[in-house]
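Here are the chains, one letter per residue:
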There are 2 protein chains.
Amino acid sequence: MNIVIVGLGVIGGSFAKALKKAGYENVFGVDVDLETLKKAEKAKIIKKGCTTGKELFKKADLIILSIYPRLVVDFLNNNKNFFKKGTIITDTTGIKETLINDVLQIIPDDIDFIFGHPMAGREKKGIDFASEQVFNGANYIITPTGRNNIKNLELVENLILEIGFKRVKKLTSQKHDEIIAFTSQLPHVMAVALINSDEEGRDTGKFIGDSYRDLTRIANMNEDLWSELFLGNRDNLLKVIENFESEVNLVKEAIFNNDKNKLIEYFKKSSIRREALEK
Amino acid sequence: MNIVIVGLGVIGGSFAKALKKAGYENVFGVDVDLETLKKAEKAKIIKKGCTTGKELFKKADLIILSIYPRLVVDFLNNNKNFFKKGTIITDTTGIKETLINDVLQIIPDDIDFIFGHPMAGREKKGIDFASEQVFNGANYIITPTGRNNIKNLELVENLILEIGFKRVKKLTSQKHDEIIAFTSQLPHVMAVALINSDEEGRDTGKFIGDSYRDLTRIANMNEDLWSELFLGNRDNLLKVIENFESEVNLVKEAIFNNDKNKLIEYFKKSSIRREALEK
């Protein structure tokens, strides 16, 4: 199977590394950055790299898109005539509903586009931070469309498990965007708000424990990617922010009222939920 | 040096283990739970354990209190006549201002009480979850009072570094409580509010990445301890919650207004702060 990865950043680079480790040999890479391609070739995680995909796509059985959400549509418009018949394309975009609507209008009928989302990543950009470890034990969401071929869905699902993911779940695009707003985007809003609410010029790093360290880890954000993801999932994200604010408010009120019993009630609920989370 | 640890939970037990590893041999334990004492004796992390401290305190050079904040004052009232002259007592309580006022009214003049706070812990209770790893590389805050002997302060500080902590910082009790509200208590409020704002009955655990996992880890809380800590630091905590809410609101407004530039501005600020955090 010939695989072409488009975009060799943290996600694309990690795919290349994980595929190599799983024994895939015919993996090729497309990236706008020559330096990145050289690194990938030197590390032997791709057989060959190219700044455009035209030639590579003609022989590709599977194309993995690991580029910014807004670039997916442009990429398809620019390349749809180069794909061979029956090619599977899969993406790694963090929001789905609007993307799927756009993509289905562009791609030829003989191309099977399988929408996917690896629930894994890193706070750093670029191939230097790619690692097959990023995917190890992580969750993956596929949002099938009516046009997907079942055998192709199975092929992609198996490949995902083969390269280290723990679980593949299928969701509608609507459910995907709803739950991602909560499990991924809201934590990023919180991390940003926490660290930005610190007082200026205080030597905070000397007075932190693991809790602050963990909660702000993701405050180091790729601002272009995340502003796109937030605005592309606006309604869902606003809703979960508001639900979160209500819960903060409950805790705040209990503190204000010196209501120990209420606090204990909230903490018991959160403890039970946390313990049940990954069972 | 004879050391008595009062309360062999996660913190006290971790002290015992870390002291043993650092070569201290005359370490004794006091705990209300006989089972805990047996475990500690069996693991040879204490030389001897007792459910009351009366006999042990007579020979103690250093007493480490790792009990609930509200119990510290009771403990001192009940035991102040058993300490030998010159004994150093140190606590591990997460809030300081009110505690220090209370304690200074009780302890005899010939006892040196050094107020300390290890910025480390675990989400579980009890000696089974104690480990010297808990302290490894962590921060420690000491809040000296005018009554502390400088040599004793040095002794405690050196011991803290010896058992694995990375850094000891000195703060006034007021500054301590202010910064702890922000770096420790606010993250716990956030974690509780996040997980409690999840919709009931959703299979959330299947759709999470590291961000949600990290942000909710501390949502599994010892409810008695944390309700005490929150209410004991009420004004500082309410203030940092409000600052945090303001920042959440800025992000929310930018999303509502589709203001990508504002989002990018907030993300850049948070990224710069996160990168500077532990330099």
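Below, the structure is looked at part by part. Remember, predicted model here, so these are calculated numbers, not experimental data. (Residues numbered from 1 in each chain as written. Chains lettered and ligands numbered in written order. Predicted model: local features only at pLDDT ≥ 70, side-chain atom pairs only at ≥ 80, totals over all residues. Heavy atoms only, no water.)

### Focus on the nonpolar core
Next, step 1: Phe230 and Ile255 of chain A together with Phe230, Phe244 and Ile255 of chain B are the most contacted members of the largest nonpolar core, which has 68 residues in total.
Next, step 2: In contact with Phe230 of chain B, not counting residues within four places along its chain, are Val251, Ile255, Leu263 and Phe267 of chain A together with Gln185, His188, Val189, Met221 and Leu237 of chain B.
Next, step 3: Counting 31 residues, the second-largest nonpolar core is a separate cluster that includes Ile5, Leu19, Ile46 and Tyr140 of chain B. (Core = buried A, V, L, I, M, F, W, Y, C linked by side-chain atoms within 4.5 Å. Buried < 20%, exposed > 50% of the residue type's maximum accessible area, 1.4 Å probe, protein only. Contact = heavy atoms within 4.5 Å.)

### A short note on the packing of helix H7 (residues 173–196) of chain B against helix H10 (residues 234–256) of chain B
Residue and element names in this part refer to chain B.
Next, step 1: Running from amino to carboxyl end, H7 crosses H10 at an angle of 60 degrees, the nearest separation of the two axes being 9 Å. The angle between the axes of H7 and H10 places the two elements in the oblique class. With respect to the hand of their crossing, H7 and H10 are arranged in right-handed fashion. Listed contacts from H10 to Asp177, Glu178, Ala181, Phe182, Gln185, Leu186, Val189 and Met190 of H7 are Asn236, Leu237, Val240, Ile241 and Phe244.
Next, step 2: Looking at the contact of H7 with H10 residue by residue, the classes come out as nine nonpolar, two polar and two charged. (Axes fitted to C-alpha atoms, helices over the stretch in contact; angles between N-to-C directions. Helix = DSSP H or I, 4+ residues; strand = E, 2+ residues; numbered from the N terminus. Parallel < 35°, antiparallel > 145°, perpendicular 65-115°, else oblique. Left-handed = near helix turned anticlockwise from the far one by under 90°. Nonpolar A, V, L, I, M, F, W, Y, C, P; charged D, E, K, R; others polar.)

### As for the packing of aromatic side chains
Next, step 1: Using the criterion set out here, one finds 21 aromatic pairs over all chains in the structure.
Next, step 2: On the numbers, 6.1 Å between centres and 90 degrees between planes, the contact of Phe244 of chain A with Phe244 of chain B is edge-to-face. Taken together, the positions of Phe244 of chain A in helix H10 (residues 234–256) and Phe244 of chain B in helix H10 put the pair across two chains.
Next, step 3: With a centroid separation of 6.0 Å and 80 degrees between ring planes, the pair formed by Trp226 of chain B and Phe230 of chain B is classed as edge-to-face. On the criterion of helical spacing, the pair formed by Trp226 of chain B and Phe230 of chain B is a turn pair, its members being four residues apart in helix H9 (residues 223–231).
Next, step 4: Under the relative-accessibility criterion, Trp226 of chain B is labelled buried at 14%.
Next, step 5: Aromatic ring contacts, followed pair by pair, group Phe15, Phe135, Tyr140 and Phe165 of chain A into a single cluster. (Phe/Tyr/Trp six-rings, centres within 6.5 Å; stacked < 30°, edge-to-face > 60°.)

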